[in-house]
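# Residue-level structure breakdown
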Amino acid sequence: MKQIHIDYPGASLDYRGARDLAARAVHDAQIEEPVVMAWHDKKTPRMSPVIEGADINTRWHDYGQSHGGQIEIDVNGEYDFVFADFAGFDGYGPSPYISLSDGSGNNYLCQRGLLRDPHQPEKDACVALDEYTSKMT
């Protein structure tokens, strides 16, 4: 995996700023459709994907490398990102599912093919989402 180190002196970077710098570096490295496969925030310490019981310092890297990661970017020694090129993956086509809300603000996950009206949730085509699961769709 190719490695790039970015030094950004001056203001302290947050995750978003570091990710944006890394994304620009990936673009310069000729990646057609960059996607972050894994990341590590050494300051907080956090990583993605979250893997319970995993070593926070290495598991994110192992995951990114084993899932198509091509470039690892270190930003100021504080943030690490593993990028892959999404251009090589086939698309799945349109999703058979859609998120809808009713007039009362309740959220649902619905099967498109079972809906008579694609804008209105129906009992036979939809599952009600609670406060937690509605944020995941």
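Here goes a summary of the coordinates provided. Predicted model, so just to flag it, every value in this text is computed and none were measured.

### Side note on the state of the cysteines
Using the criterion set out here, one finds 1 disulfide in the structure. Linked covalently through their sulfurs, Cys110 and Cys126 form a disulfide whose S-S length is 2.1 Å. The chirality of the disulfide connecting Cys110 with Cys126 is right-handed, given an S-S dihedral of about 110 degrees. Here Cys126 lies in strand β8 (residues 126–128) and Cys110 lies in strand β7 (residues 107–111), a separation of 16 residues in the sequence. With respect to class, Cys110 is no different from Cys126; both count as buried.

### Here's the deal with the nonpolar core
Among the nonpolar cores identified, the biggest contains 15 residues, and Ile73, Val75 and Phe81 are the most heavily contacted of them. The element contributing the most residues to this core is helix α1 (residues 15–28), with 5 residues. Excluding anything up to four places from it in sequence, Ile73 contacts Ile4, Ile6, Ala22, Ala25, Val26, Tyr79, Asp80, Phe81 and Phe83. If you look at the next biggest cluster of nonpolar residues, it comprises 7 residues, including Leu100, Tyr108, Leu115 and Ala125.

Definitions and cut-offs
Per chain, the residues get numbers from 1 upward, laid out in the order the sequence is written. Whole-chain, interface and lining totals are the exception, using all residues; otherwise, since this is a predicted model, local features are given only for residues with pLDDT of at least 70 and side-chain atom pairs are given and counted only at 80 or more. Note that the side-chain values use all heavy atoms of the structure and ignore hydrogens as well as water. Here, the term disulfide refers to a pair of cysteine sulfur atoms separated by no more than 2.5 Å. Secondary structure elements follow DSSP: runs of H or I of four or more residues count as helices, runs of E of two or more count as strands, with numbering from the N terminus. The cut-offs for exposure are 20% and 50% of the maximum accessible area for each residue type, with area from a 1.4 Å probe on protein chains only; residues under the lower value are buried, those over the upper are exposed, and the others partly exposed. In this description, a nonpolar core means a group of buried Ala, Val, Leu, Ile, Met, Phe, Trp, Tyr and Cys residues linked to one another through side-chain atoms lying within 4.5 Å. The contact definition used throughout considers only heavy atoms, calling two residues in contact when any of these lie within 4.5 Å.

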